[in-house]
Amino acid sequence: MAALRAAGTERGSATPEAAAAPRGRTLILRSRYFAFREHDGTSGGSMEPLKQLGEHGQSVWFDFIRRDLVRDGGLADLVADGVRGVTSNPTIFDKAIGGSDAYDDALRALLALNAAATPTQLFEAVAIEDIQGACDVLRGVFDESQGHDGHVSLEVSPTLARDSEGTIRDARRLWAAVDRPNLMIKVPATPEGIPAIEELIAEGINVNATLMFSLHDYESVAQAYLRGLRRAAHPARIASVASFFVSRVDTAVDARLDEVGTDEAKRLRGTAAVANSKLAYRRYQELFESETFADLAAAGARPQRVLWASTSTKDPAYRDVLYVEELVGDNTVNTMPPQTVEAFRDHGIARPDAVTEGVAAAAASIAGLGALGIDFDAITQQLQDDGVAAFAASYQSMLDTIETKARLLLAAEVAPQTMSLGAHGPLVDARLSAWTSEGLVKRTWDKDHTVWIPEPRPEVTDRLGWLTLPETMREHVEDIRWFVDEVRADGITDVVLLGMGGSSLAPEVFARTFGVADGHPRLQVLDSTHPGAVTTVTASIDPTTTLFVVASKSGTTIEPLSFLAHFWEIAAAASDAPGRHFAAITDPGTGLAALGAERGYRKVFETIPDVGGRYSALTHFGLVPAALLGLDVGLLLDRAARMAAASRQVAADNPGFVLGAALGELAHEGRDKATFVTSEALSSLPDWLEQLIAESTGKEGTGILPIAGERLGAPESYGDDRVFVSITVADDAGGDVAALAALEAAGHPVIRIELSGTLEITAEMYRAQVAVAAAGSVLAIHPFDQPDVQRAKELAKEAMAGRLDGGAIDAVDARDLAALRAAVDGLLGSAEPADYVGFQAFIAPTSAASEMLDRARHAVRDRRTLATTVGFGPRFLHSTGQFHKGGPNTGLFIQIVDEPDDDVPVPGEDYTFGRLVRSQADGDHRALTGAGRRVLRVELGSDVRGGLENLVAALDG
């Protein structure tokens, strides 16, 4: 036989008197499926003992399953040698999945379809496939025996052992999923399982009733089977076994006998399990070999065979085939694990009708326990209770095994990162080692506030919902897809997203990275309150074919609400049903949600509340716009799920924690300016990273300043305050490879991440979120609040109301080049080597303005080796604005304002967009100076281009 091949052992008597005879020597199964220790070289037995069991009316079922056993012919070999069925349980699957790589390819394939699949979903998928395969191998036995044998058992979830209705639902679902007539559903014989057994039998579902330890258990199961048969439409098509557990009874009873310790107690050791089983078989004969069953038998119904389970001996003093040899009987089943099959084929003796021998003595043995004060009923009840708990624990262990394996498989799919950190490397290694000792990864996933701060505070535990978004957002995917299909069907050609900060940055990244799929609407993001930006978007759309998506987490943010007022007036003038042209994305219960319901918005998406705005890319805030563009949001979540799985690994193997440790430790060492370099395809990603990093870490006088949009220069253009992070797509590295290599050669730390494709962008978003959270722990700051952003908002409101203290704000007129040059020189003359220059442009974010500011920043970098940031207001207030006020006092700020030619009123309000953007500039100026920052305001007037050209000239000079 190919699957099982054993060496010989010493044979022993199969008589009861020889039950304590020496166990056969340890065996080896020479196959690819099992491995035991080497035998001693004595002659081997044949498979005849197993076949003899069949001749004596007992079917051998194999208590083991594994994918390669089913697929590679091993199970077929076993069937050819006398095995007539297969049983499985969570422990078997746990060992099969965790103890080999046989399931890795299948799990990879499942995770490729749904990287957020739960361990339960993964288990059921592979288990059902294995059970189907085993059923197919055994189908010949099933057909040849006319349904008497050839069954394969699959267990309902052990967590349902105390839930009748849940068990019935689970059994129905598994029966339908496997879709094989020779399947048996395993149901525990608990009080709650008994009615489930009856109902399932009545419905025509084959049942393996399990976890029986007592005659009471057996009686309950047998009667449930009989009641079910009498209700069944086709009783002749139903098969069932009653799994009576054996060896565990001796283990429990022997322990009590040892406590008693008398000669009589010693004599009874090792007898209870067989005695109990013989009495159960006697009851089987009374029920199924008598007139009680005659009418059902006449209708073609089969007896419910007794199946002996747990038949491997646990006590080494007992013969290793004891529970096979003593329980041979007509119309029974013995389900044996591999080692018991091997032992019995080597030296077992099949004695016909052994189970009917000494029944009176068996009854006397059980009665003898009572005489010794041992409550046998209490023991068997406890065994069932313990069995229920053990099976549930085994099931959870199996799920844990699958989860671990899935994480490892997914982690292998994430984009690799390499680090060249020079002398800083040992600091990062030490930090990762400390985190491993402290269990920081698990504590982060457990939402333990002490990872960051000693005392619990808002916006820590209630802002960590982003950790599980790749899983939790899966349930919203179909709703989002339905919404998009409806929008397209209604002829919407344009989508304008009205947002700010975290609600607008991810959609813009998706739009710029992927573009618009055929047949999907164009997406524009409006996150500037400058009237020039508002009028540009307004002029570009037809309100009758445009959907306006209002995105605000709080539902109270002034910018999107002002946009809403503007476009609502336009839509109301163009349509009798303006609400159909609006959708909202907001937290549950906000005023925006209420307004959407009141006005009849096409859709109000109430999103995950325990996720902060800058961590919301994988919520509705990012996914709804992505889906409108034509992206498969399921795939976006799957890619992020791979990184989420990798982010549960120990710190040293955890891509997010490794990156966070590097950024945090480098910041400690003065290299606090993370400069991002990307492929052209990912050129918008740093804008999103900018908010995430700056707003999360820039507080309490420390932080990491993200540098987005700087072109790489020569090594001499930089000070010693940089770390360069390169994020590229394979085969699209861009033109900065040589420049990056030169920087690395000059001793600058360089971190490289290479993606296999642009779809991996959501994985990188997730990695960055983990890294920022981890870096926050290094910096000992709270990475989920933004106190200085709120302060700037308050000051902007005061400016709007005309209550801003401090008088007029000094400014230099950009038309006066000499004065501008002097002012710029004065500001930059105060710079220290580790300082940076922030360009804050409260002007319309046009391509021409962006080009001029790009020239300005590089002039500063190349002439003064200072890092630079560029932000359009008020957008940057929600990103780097927090760092500007809350981070280290190393910033020099050039605030740029203009006088719009045409202002735009905000309907229903007493202010215009021009007044709003100027008030935001004034509020931020006051916030900066109040924090002791160095600020120069530059007034462009109405000639924006001319003013910017003068600014560049002043910086170049």
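1. Quick look at the overall build of the protein chain
Consideration 1: Helix and strand counts for the protein chain come out as 38 helices and 23 strands.
Consideration 2: Seen through its C-alpha atoms, the protein chain measures out along the principal axes to roughly 115 × 65 × 50 Å.
Consideration 3: Expressed as a percentage of its 957 residues, the buried residues of the protein chain come to 60%.
Consideration 4: Partitioning the contacts of the protein chain with sequence separation of at least 6, the portion at a separation of at least 24 is 80%.
Consideration 5: Averaging the coordinates of the 88 positive side-chain charges in the protein chain and doing the same for the 134 negative ones gives two points 2 Å apart.

2. Some points on the confidence of the model for the protein chain
Consideration 1: Mean pLDDT for the protein chain: 91, with 95% of residues reaching 70 or above.
Consideration 2: Below a pLDDT of 50 lies the segment residues 1-46, which in the model reaches 125 contacts outside its immediate sequence neighbourhood of four places, other chains included.

3. Concerning the nonpolar core
Consideration 1: Residues Leu-53, Phe-93, Ile-131, Ile-197, Tyr-218, Phe-288 and Leu-369 are the most contacted members of the largest nonpolar core, which totals 130 residues.
Consideration 2: Element by element, the count of residues in this core is highest for helix α18 (residues 376-411), at 12 residues.
Consideration 3: Of all hydrophobic cores here, the second largest spans 100 residues; its members include Phe-605, Val-633, Phe-657 and Val-770.

4. Points about the sheet that holds strand β17 (residues 722-729)
Consideration 1: In spatial order, the strands read β9-β18-β17-β15-β16; together these 5 strands make up an open sheet with mixed pairing. On the outer flanks of this sheet lie β9 (417-420) and β16 (705-707), each paired with one strand and no other. Sheet twist, expressed as the mean angle between neighbouring strand axes with direction ignored, is 20 degrees.
Consideration 2: Sheet topology places strand β15 (residues 673-678) next to β16; 3 bridges connect them, and they run parallel. Bridge pairing in β16 places Lys-673 opposite Leu-705.
Consideration 3: Contacting β9, β15, β17 and β18 (750-755), helix α29 (residues 655-668) runs over the sheet at an angle of about 25 degrees to β9.

5. Description of helix α5 (residues 104-113)
Consideration 1: Taken together, the buried positions of α5 are occupied by Asp-104, Ala-106, Leu-107 and Leu-111. Relative to the axis of α5, the buried residues are bounded by an arc of 160 degrees and lie together on one face. For α5, the exposed residues lying more than 90 degrees away from the buried face are Asp-105 and Leu-113.
Consideration 2: The inward-facing, buried residues of α5 abut α2 (67-71), α4 (90-98), α6 (119-137) and α18.

6. A word on the side chain of His-925
Consideration 1: Relative to the helices and strands, His-925 resides in helix α37 (residues 913-930).
Consideration 2: The class of His-925 is buried, set by a relative accessible area of 8%.
Consideration 3: In this structure His-925 touches Ile-809, Gln-895, Val-935 and Arg-937, once residues within four positions along its chain are discounted.

7. Here's the deal with the packing of helix α35 (residues 847-864) against helix α38 (residues 944-956)
Consideration 1: For the pair α35 and α38, the least separation of the axes is 9 Å and the interaxial angle reads 10 degrees. Taken together, the axis directions place α35 and α38 in an arrangement best described as roughly parallel. Where α35 approaches α38, its residues Ala-848, Ala-849, Met-852, Leu-853, Arg-855, Ala-856, Ala-859, Val-860 and Arg-863 are matched on the opposing element by Arg-945, Leu-948, Glu-949, Val-952, Leu-955 and Asp-956.
Consideration 2: Of the residues in the contact of α35 with α38, the class split is 10 nonpolar, no polar and 5 charged.

8. Let's talk about the sheet that holds strand β12 (residues 546-551)
Consideration 1: Within the open sheet, the 5 strands sit side by side as β11-β10-β12-β13-β14. Their pairing is parallel. For this open sheet the edge positions go to β11 (522-526) and β14 (603-606), each flanked by a neighbour on one side alone. Along the sheet, successive strands turn relative to each other by an average axial angle of 15 degrees, direction set aside.
Consideration 2: The pairing of β12 with strand β13 (residues 582-586) spans 4 bridges and is parallel. Considered in β13, the bridge of Val-549 is made with Ala-583.
Consideration 3: Each of β10 (494-498), β11 and β12 touches helix α23 (residues 502-514); the most contacted strand, β11, lies at about 145 degrees to it.
Consideration 4: Taken strand by strand, helix α27 (residues 620-629) contacts β10, β11, β12, β13 and β14, and its axis lies near 145 degrees from that of β13.

9. Observations concerning the packing of aromatic side chains
Consideration 1: Summed over all chains, the structure comprises 25 aromatic pairs.
Consideration 2: Here the aromatic rings of Trp-452 and Phe-784 are separated by 5.1 Å at their centres, their planes lie at 85 degrees, and the arrangement is edge-to-face. Here Phe-784 lies in the loop between α32 (761-779) and α33 (787-800) and Trp-452 lies in the loop between α20 (440-445) and α21 (469-472), a separation of 332 residues in the sequence.
Consideration 3: For Trp-452, a relative accessible area of 6% puts it in the buried group.
Consideration 4: The rings of Tyr-225, Tyr-281, Tyr-284, Phe-288 and Phe-293 are connected pair by pair, giving a single aromatic cluster.
Consideration 5: Over the ring of Trp-568 we find Arg-599, and its NZ or CZ is 4.3 Å from the ring centre.
Consideration 6: It is Arg-648 that lies over the ring of Trp-445; its NZ or CZ is 3.7 Å from the centre.

What counts and how
Residues numbered from 1 in each chain as written. Predicted model: local features only at pLDDT ≥ 70, side-chain atom pairs only at ≥ 80, totals over all residues. Heavy atoms only, no water. Helix = DSSP H or I, 4+ residues; strand = E, 2+ residues; numbered from the N terminus. Buried < 20%, exposed > 50% of the residue type's maximum accessible area, 1.4 Å probe, protein only. Contact = heavy atoms within 4.5 Å. Lys, Arg positive; Asp, Glu negative; His and termini not counted. Charge placed at Lys NZ, Arg CZ, Asp CG, Glu CD. pLDDT = per-residue confidence, 0-100. Core = buried A, V, L, I, M, F, W, Y, C linked by side-chain atoms within 4.5 Å. Pairing = 2+ DSSP bridges. Axes fitted to C-alpha atoms, helices over the stretch in contact; angles between N-to-C directions. Arc of directions from axis to C-beta. Parallel < 35°, antiparallel > 145°, perpendicular 65-115°, else oblique. Nonpolar A, V, L, I, M, F, W, Y, C, P; charged D, E, K, R; others polar. Phe/Tyr/Trp six-rings, centres within 6.5 Å; stacked < 30°, edge-to-face > 60°. Lys NZ or Arg CZ within 6 Å of the ring centre and 35° of its normal.

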